[in-house]
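# Coordinates in review
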Amino acid sequence: AGLPPAGLDFEVRASGSRPLAGLLSSAASAIAAARATDPVAGCRPYRVALIADGAEACSGNPVAAASPLYSEGISVAVFGLSVQDTGAQAELNAIALAGGTGAASFVASDAEAASALAHLVDSTALVESCNGLDDDCDGSVDDGFYGLGQACDNGKFGACFRSGERVCGGPF
């Protein structure tokens, strides 16, 4: 038995106390500092992922700490790891609700945790759409859509021939 060598223990497990309110307050401060120097802060989404194995353990109010984050446009996704206590589940759900994500995600295995976190990352990634906007915050509108604005035609001849310009929503 014993412990695996340092750096080789990839099992997800919690340790220590759970100052959830303090963690959320620290996240708010860190994000405020990051936004202050981020030239595309208005375009880039900021989110907090709170991962806990139970309820607040340090007399703070994590529901109250999540609300100002959400008021600033920062959603709080909550993940409960092997949380069996219904009171703790209720508190984690209340934090998620106050943080704008509706309900906590409760996971009981490494695979469930990986899947839940992958879903969060996928929902956070900025992807360019063909809509006249800079959806991915790179300073370019509708980049990646080949031929946009160029002349095109329907490939037909005679009376069936039509010409136009490639636009969003058209065939590419």
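Residues numbered from 1 in each chain as written. Predicted model: local features only at pLDDT ≥ 70, side-chain atom pairs only at ≥ 80, totals over all residues. Heavy atoms only, no water.

## Comments concerning unusual backbone geometry
Rule in force here: Only protein chains enter the calculation, and the probe is 1.4 Å; a residue is then buried if its accessible area is under 20% of its type maximum, exposed if over 50%, and partly exposed in between.
For Ser-59, which is not glycine, the phi torsion reads 65° and is therefore positive. Note on Ser-59: relative accessible area 79%, which makes it exposed. One non-glycine residue, Asp-142, lies in positive phi territory at about 55°.

## Points about the nonpolar core
Keep this limit in mind: The term nonpolar core refers to a set of buried residues drawn from Ala, Val, Leu, Ile, Met, Phe, Trp, Tyr and Cys, joined through side-chain atoms within 4.5 Å. Starting at the N terminus, helices and strands are each numbered in turn, a helix being any DSSP run of H or I of at least four residues and a strand any DSSP run of E of at least two. The contact criterion used throughout is that any non-hydrogen atoms of two residues lie within 4.5 Å.
Leu-24, Val-48, Leu-50, Val-76, Val-78, Leu-92 and Ile-95 are the most contacted members of the largest nonpolar core, which has 24 residues in total. Among the secondary structure elements, those contributing two or more residues to this core are helix H1 (20-37), strand E1 (47-52), helix H2 (62-71), strand E2 (75-81) and helix H3 (86-98). Not counting residues within four places of it along the chain, the set of residues in contact with Val-76 comprises Leu-24, Val-48, Leu-50, Ala-66, Leu-69, Ile-95, Ala-96, Gly-99 and Thr-101. With seven residues, the next largest nonpolar core counts Ala-77, Leu-81, Ala-116 and Leu-120 among its residues.

## A closer look at H2
Under the convention used in this document: As used here, the arc is the angular range of directions from the helix axis to the C-beta atoms. Counting of polar contacts relies on pairs of N or O atoms within 3.5 Å, with two restrictions inside protein: one atom must be capable of donating a hydrogen and the other of accepting it, and residues adjacent in sequence are counted only when both atoms are side-chain atoms.
Taken residue by residue, H2 has Pro-62, Ala-65, Ala-66 and Leu-69 as its buried positions. In a view along the axis of H2, the buried residues occupy a sector of 100°, so they form one face of it. Measuring from the side-chain oxygen of the N-cap residue of H2 to the backbone nitrogen of Val-63 gives 3.2 Å; that N-cap residue is Asn-61.

## Description of the sheet that holds E1
The condition is simple: Whether two strands pair depends on DSSP finding at least two bridges between them. Under this scheme, a helix contributes an axis fitted over its contacting stretch, all axes are lines through C-alpha atoms, and angles between N-to-C directions fall in the 0 to 180 degree range.
Pairing is parallel across the open sheet formed by three strands, whose spatial order is E1-E2-E3. With partners counted over all chains shown, the strands left at the sheet margins are E1 and strand E3 (105-107), one partner each. Within the sheet, the average angular offset between the axes of one strand and its neighbour, ignoring direction, is 20°. Bridge count for E1 against E2 is six bridges, and the pairing is parallel. Opposite Leu-50, over in E2, you have Val-78 as the bridge partner. Here H1 sits on the sheet in contact with E1 and E2, set at roughly 155° to E1.

## Topic: the packing of H2 against H3
Rule in force here: Oblique is the label for any angle not under 35 degrees, not over 145, and not in the 65 to 115 range, which are roughly parallel, roughly antiparallel and roughly perpendicular in turn. Put simply, a crossing is left-handed when the front helix is turned counterclockwise from the back one by less than a right angle, and right-handed when it is turned clockwise. All residues other than Ala, Val, Leu, Ile, Met, Phe, Trp, Tyr, Cys, Pro, Asp, Glu, Lys and Arg, Gly among them, are scored as polar; the first ten of these are nonpolar and the last four charged.
Where H2 meets H3, the axes come as close as 7 Å, and the angle between the chain directions of the two elements is 20°. The angle between the axes of H2 and H3 places the two elements in the roughly parallel class. Every pair of crossing elements has a handedness; the one defined by H2 and H3 is right-handed. For the pair H2 and H3, contact is made by Pro-62, Val-63, Ala-66, Ser-67 and Tyr-70 and by Glu-91, Ala-94, Ile-95 and Ala-98, respectively. Class assignment of the residues belonging to the contact of H2 with H3 gives a composition of seven nonpolar, one polar and one charged.

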